[in-house]
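Fold and geometry: a report
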Amino acid sequence: MTNICIIATIIIYLVAMLLVGFAYSKSNNDSTDFYLGGRKMGPLVTAMSAEASDMSSWLLMGMPGLAYLTGIASPGWTAIGLALGTWLNWLIVARRLRRYSANLEAITVPQFLSLRFHDQRNLLNALGAVIIIVFFVPYTASGFAACGKLFNSLFGVDYMAAMVLSAVVIVGYTIMGGFLAVSTTDLIQSIVMTIALVVVLGFGIEVAGGWTAVTDNARSIPGYLSLVQMTDISTGEVQDYGFIKSLSMLAWGLGYFGMPHILLRFMAIEDEKKLVLSRRIASVWVVIAMTASIVIGVVGLGMTKAGALEFLSGSSSETLIVRIASLISQHGVLAAILAGLILAGILAATMSTADSQMLAAASSVSQNILQEFGHLKLSEKQSLFAARLTIIC
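Residues numbered from 1 in each chain as written. Predicted model: local features only at pLDDT ≥ 70, side-chain atom pairs only at ≥ 80, totals over all residues. Heavy atoms only, no water.

1. Here's the deal with the packing of helix 1 (residues 2–23) against helix 8 (residues 159–207)
Running from amino to carboxyl end, helix 1 crosses helix 8 at an angle of 120°, the nearest separation of the two axes being 7 Å. Overall, the two elements helix 1 and helix 8 adopt an arrangement that is oblique. Every pair of crossing elements has a handedness; the one defined by helix 1 and helix 8 is right-handed. Across from Tyr13, Leu14, Met17, Leu18, Val20, Gly21 and Phe22 in helix 1, the residues of helix 8 making contact are Val169, Gly172, Tyr173, Met176, Gly177, Ala181, Thr184, Thr185, Ile188, Gln189 and Val192. Partitioned by chemical class, the residues of the contact of helix 1 with helix 8 number 12 nonpolar, six polar and no charged. (Axes fitted to C-alpha atoms, helices over the stretch in contact; angles between N-to-C directions. Helix = DSSP H or I, 4+ residues; strand = E, 2+ residues; numbered from the N terminus. Parallel < 35°, antiparallel > 145°, perpendicular 65-115°, else oblique. Left-handed = near helix turned anticlockwise from the far one by under 90°. Contact = heavy atoms within 4.5 Å. Nonpolar A, V, L, I, M, F, W, Y, C, P; charged D, E, K, R; others polar.)

Okay, structure coming up:
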């Protein structure tokens, strides 16, 4: 019964994503609508879709697992770097990119670069498109694979079938609704991810014996709560977390300045003045979400100390939230539905990244390479067909 409730919850979530795509299927009249939402995105959708598409399942699996095994130093410095990178990207890049791209009527990042630097031969267009394709196609494929592995590990569903189903859903709502559907589903997925973090954190603290028990356990481990030391929980070894390591973790935030799927959100907002509100929403959510993720790792170790969880060594630490969701599901039907929502949150984290990167890669092929570099003349109807066909391929 528990598994039925969990699976039903996830299926309802997937169907809801497809319905969002269907709802926006009539809103795409030209390629600007399909790739950029007609530049009519509100500040909330702009902010939350940008951050949801960035975080991926790493927020709900990698970061808590790292905190669980090594303490707060490594995930802490990473979170600080990402928070600073997020804020600076919105502050420095967003308004300028929105203004310039609108003036140049650019709907993709490679197209913007080509027009901005007066590239008459469209070499920047082609080069930027190729770079996006080379790196985003494998990343998107890994997202599909992650969805398949999640279903396979949880329910024993055939890996290939689960991966194909996930791909069909993501491709389905993307080709139907384009950028508007992707951004709206990303907003919904960010909400689901937030609910998952809050529920897991609250339940974990209670099972671990309360916040005092969690903090007392963490303090008892040398270097665990330090930003200048790192602890190997499995061996008890404590190492200094040096300046170079800290700096390299901080440098994660530099990646934001070149992520096409995030830059497209800046280009798509309806009014550049509303980017101020978007920046505040995005920065606050990122700080809260990553803090909660790290604390879940600390709480998870407290649950192990309390005997509620077995010790999770190595890569199994990344399943911490999945294990907690399993414990929640044992408390009745409603709890099982809530556990399904938590697992849907992990799925949402993967989908929100895959759909955005897939759309960015598709725009690179149909818009930048075929039409601009290849000088293929297409009507708006043909352009939309090419965009959708590229996504399927």
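2. Quick look at the pairing of strand 1 (residues 229–232)
Summarising the sheet, strand 1 and strand 2 (residues 237–240) pair through four bridges and their orientation is antiparallel. Across the sheet, Gln229 pairs through a bridge with Asp240, a residue of strand 2. Hairpin geometry of strand 1 and strand 2 is characterised by an intervening segment of four residues between the two adjacent antiparallel strands and by a positive phi of about 80° at Gly236. (Pairing = 2+ DSSP bridges.)

3. Side note on helix 12 (residues 275–305)
In a regular helix each residue adds 1.5 Å, so 31 residues correspond to 45 Å; helix 12 covers 45 Å between its end C-alpha atoms and thus fits that length. A positive backbone phi angle near 90° is found at Gly307, which sits one or two residues after helix 12. (Expected span 1.5 Å × (residues − 1).)

4. As for the packing of aromatic side chains
Following the criterion strictly, the structure yields four aromatic pairs and no others. Between the aromatic rings of Trp90 and Phe266, the centroid separation amounts to 4.6 Å while the plane-to-plane angle is 65°, which identifies the pairing as edge-to-face. Linking Trp90 in helix 5 (residues 73–104) with Phe266 in helix 11 (residues 260–268), this pair joins segments that are 176 residues apart in sequence. Of the two residues, Trp90 and Phe266, neither departs from the other in class, the shared state being buried. Residue placement shows Arg116 over the ring face of Tyr100; its charged tip is 4.6 Å from the ring centre. Directly above the aromatic system of Phe117 lies the positively charged group of Arg116, at a separation of 5.3 Å from the ring centroid. (Phe/Tyr/Trp six-rings, centres within 6.5 Å; stacked < 30°, edge-to-face > 60°. Buried < 20%, exposed > 50% of the residue type's maximum accessible area, 1.4 Å probe, protein only. Lys NZ or Arg CZ within 6 Å of the ring centre and 35° of its normal.)

5. So, a nonpolar patch on the surface
A contiguous nonpolar patch, built from Trp87, Leu91, Ile92, Leu254 and Phe257 and spanning about 460 Å² of accessible area, is present on the exposed surface. Checked against the element boundaries, Ile92 lands in helix 5. With a relative accessible area of 42%, Ile92 lands in the partly exposed category. (Patch = residues over 30% accessible without salt bridge, like charges linked within 9 Å, V, L, I, M, F, W, Y side chains within 5 Å. Areas by Shrake-Rupley, 256 points an atom, 1.4 Å probe, with all protein chains shown as cover. Salt bridge = Lys/Arg side-chain N within 4 Å of Asp/Glu carboxyl O.)

6. Focus on helix 13 (residues 320–328)
Burial within helix 13 is extensive, with seven of its nine residues counted as buried. Along helix 13, the residues that are buried comprise Leu320, Ile321, Val322, Ile324, Ala325, Leu327 and Ile328.

7. Here we look at the pattern of salt bridges
Here the structure, examined in full by the defined rule, presents six salt bridges. We note a salt bridge from Arg99 to Glu272, for which the minimum N-O separation is 2.6 Å. Within this pair, whereas Arg99 is found in helix 5, its partner Glu272 is found in the loop between helix 11 and helix 12, the two being separated by 173 residues in sequence. With a relative accessible area of 41%, Arg99 lands in the partly exposed category. Notably, a salt bridge pairs Asp186 with Arg265, separated by 2.7 Å at the nearest N-O pair. Placement of the pair is Asp186 in helix 8 and Arg265 in helix 11, with a sequence separation of 79 residues. Three or more residues joined by partner-sharing salt bridges are found here, namely Arg95, Arg99 and Glu272.

8. With respect to the environment of Ala362
By secondary structure assignment, the location of Ala362 is in helix 14 (residues 333–373). For Ala362 and Gly374, which are 12 residues apart along the polypeptide, the C-alpha to C-alpha distance reads 15 Å. Discounting chain neighbours no more than four positions away, the residues touching Ala362 are Tyr35, Gln367, Ala387, Thr390 and Ile391.

These figures come from the coordinates and say nothing about function on their own.
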